[in-house]
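# Residue-level structural notes
This is what each chain is made of:
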Protein chains: 2
Amino acid sequence: MGQLCLPVGMSQQDLAKMDTLVQERVRVHKGETLYRMGEPLNAVYAIRFGTLKTHVTMEDGRTQITGFHLPGEVIGLDGLSEMQHASDATALEDAEVCVVRYDDLQSLSSILPSLQGQFLRLMSKEISQDQVMLITLGSMRAEERLAAFLVNMSERLSARGYSSTEFVLRMSREEIGSYLGLKLETVSRLFSRFAEAGLIQIRQRHVKLVDMAGIKQVYSRSC
Amino acid sequence: MGQLCLPVGMSQQDLAKMDTLVQERVRVHKGETLYRMGEPLNAVYAIRFGTLKTHVTMEDGRTQITGFHLPGEVIGLDGLSEMQHASDATALEDAEVCVVRYDDLQSLSSILPSLQGQFLRLMSKEISQDQVMLITLGSMRAEERLAAFLVNMSERLSARGYSSTEFVLRMSREEIGSYLGLKLETVSRLFSRFAEAGLIQIRQRHVKLVDMAGIKQVYSRSC
DNA sequence: CGAGCCTTTGAGTTTCCTCAACCTGAGTGG
DNA sequence: CCACTCAGGTTGAGGAAACTCAAAGGCTCG
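Overview of the structure. (Residues numbered from 1 in each chain as written. Chains lettered and ligands numbered in written order. Predicted model: local features only at pLDDT ≥ 70, side-chain atom pairs only at ≥ 80, totals over all residues. Heavy atoms only, no water.)

Below, the discussion takes up the overall build of chain A. For chain A, the helix and strand inventory stands at eight helices and eleven strands. The buried share of chain A, taken over its 223 residues, is 54%. In chain A, of all internal contacts separated by at least 6 residues, the share reaching a separation of at least 24 is 72%. Of the roughly 10,200 Å² of accessible surface on chain A, a fraction of 48% belongs to carbon and sulfur atoms. (Helix = DSSP H or I, 4+ residues; strand = E, 2+ residues; numbered from the N terminus. Buried < 20%, exposed > 50% of the residue type's maximum accessible area, 1.4 Å probe, protein only. Contact = heavy atoms within 4.5 Å. Areas by Shrake-Rupley, 256 points an atom, 1.4 Å probe, with all protein chains shown as cover.)

Here it is, written out as structure tokens:
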């Protein structure tokens, strides 16, 4: 379970101690929220199974999806600085998470130095990933963004033991669009165009990456 | 100096111990880089004075600025997960940074628990800020992005004791554009338009925010 | 089996980009 | 001291990319 709930790189004993951290689990049904922006942060969450999205809503109602999160990933870290959640987390399908209480985290990390390091690394990784998204949103064109998205999903899924070439998107076109800074129609059109070009096969949310090299070319070639 | 180099919230003794961390300082002249992407990470850096930019260059040569960094901010945190820098850091003007060696950080944080917390909070804050940029790039229009940028700069500068309404931009139009996902001409046009609308005065890189409420309206009104 | 949501596709519009010319100010050498 | 140079900035015209609006088709779930 340690494997599922926090990344590897810890000793067996450490893992045992870790398990005291994550006794509590919570199920989140599709469409339900795990936490909401502004709520006091009591814990962070490691996903056991299922897919979640994190998103922020602006005053005027526009919303932006800040991430899609797969099993093994930890969410809620963005709220640690203010001790309140900085985004909403909603399940895209039925999911289960391990609850890592902040108090336990505090007390345990003094007797378990590697834990703090683990968290530093986790957070640093999230910063890097966010910065990759900044590049994507800031300097890529629509088709490059979508290609990058597909490759990213592929890599993350394969790292978790799923097929890297064939998978089910758990999110709608609109959610993909929000994540990529595009409108849902644009996403739909691009999927169609990719399929027409023989790069992918797509039927509803089921995707098959046919020509991975071709997909990567979409965003690695300069214009 | 503790004030300048790491955020407050620590006891006097802690600050004293802290100072052992930051004995070393480095000057970076305008245009020079403090670190480059891919270099092994030996330290993170707290800015004492000057402005730096962090940026990433893609294989095809396109570059994206991921942040502008003012005195008091800590940079290099994005490299902690892989222990190598995830971006370049370049001085926009002559600057000086405190060097916080990773080894010292490790050894000191075991005897100084509040330090780890400090860093967790720093990193969490960076995640939140990156996510604000994701919203900006993903769901705002050009003029909204620029207005948000001006307000952000204003707030950060005033938090550091500078004027909130009148300041000098240390970066070029092109750099602002890269940061905001716009072309330099678009940035220039928008500055002109803002000035024409009486929201700001701008002369080269010297900006004066005349109608702060009006500027905020630019990005808070739904269309 | 029907309702509602998601998706696809088309047509027209808007926004921002590209290309190009010109301007400005700071630094340089005659 | 002044003309020159060059990087950075402004402004205009035209075009491309993505958005908006609209309509129709397909899934899913009760």
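And the narrative resumes.
Here we come to the protein's contact with DNA strand D. Close to DNA strand D lie 17 residues, the nearest being A142 and T186 of chain A together with S188, R189 and S192 of chain B. If you look at DNA strand D and keep only atoms within 4 Å of the protein, 65% of those are sugar or phosphate atoms. Taking S188 of chain B, its side chain carries an N or O atom lying 2.8 Å from a phosphate oxygen of DNA strand D. One nitrogen or oxygen atom from the side chain of S192 of chain B is found 2.6 Å from a phosphate oxygen belonging to DNA strand D. (Near = heavy atom within 4 Å. Polar contact = N/O pair within 3.5 Å; in protein donor to acceptor, adjacent residues only side chain to side chain.)

All names here are of chain A. Taken in spatial order, the four strands line up as β1-β8-β3-β6 in an open sheet, and their pairing is antiparallel. Every interior strand has two partners, whereas the edge strands, β1 (25-28) and β6 (74-75), have only one. Here helix α3 (residues 102-111) sits on the sheet and contacts β3 (43-49) and β8 (95-101); the angle it forms with β8, its principal contact strand, is near 50°. (Pairing = 2+ DSSP bridges. Axes fitted to C-alpha atoms, helices over the stretch in contact; angles between N-to-C directions.)

Okay, the relation of the copies chain A and chain B next. When chain A is fitted to chain B, the best match, at an RMSD of 0.0 Å, comes from turning it 180° and sliding it 0.0 Å along the axis. What the superposition gives is, in effect, a two-fold axis relating one chain to the other. (Least-squares fit on C-alpha atoms with pLDDT ≥ 70 in both.)

Counting 74 residues, the largest nonpolar core has F149 of chain A together with F149 of chain B as the members making the most contacts within it. Not counting chain neighbours up to four residues away, the residues in contact with F149 of chain A comprise F68, L169, M171, I176, Y179 and L180 of chain A. One finds L108 and L120 of chain A together with V44 and F119 of chain B within the second-largest nonpolar core, a separate group that totals 38 residues. (Core = buried A, V, L, I, M, F, W, Y, C linked by side-chain atoms within 4.5 Å.)

In this section: the packing of aromatic side chains. Taken as a whole and judged by the stated rule, the model has eight aromatic pairs over all chains. With centroids separated by 5.8 Å and ring planes inclined at 20°, the aromatic side chains of Y35 of chain A and Y45 of chain A adopt a geometry described as stacked. Here Y45 of chain A lies in strand β3 and Y35 of chain A lies in strand β2 (residues 33-35), a separation of ten residues in the sequence. In this structure, Y35 of chain A and Y45 of chain A share a single accessibility class: buried. A ring pair is formed by F68 of chain B and F149 of chain B, whose centres lie 6.2 Å apart and whose planes are at 65°; its orientation type is edge-to-face. With F68 of chain B in strand β5 (residues 63-69) and F149 of chain B in helix α5 (residues 142-159), this residue pair connects regions lying 81 residues apart in the sequence. Take F68 of chain B and F149 of chain B: they sit in the same class, and that class is buried. (Phe/Tyr/Trp six-rings, centres within 6.5 Å; stacked < 30°, edge-to-face > 60°.)

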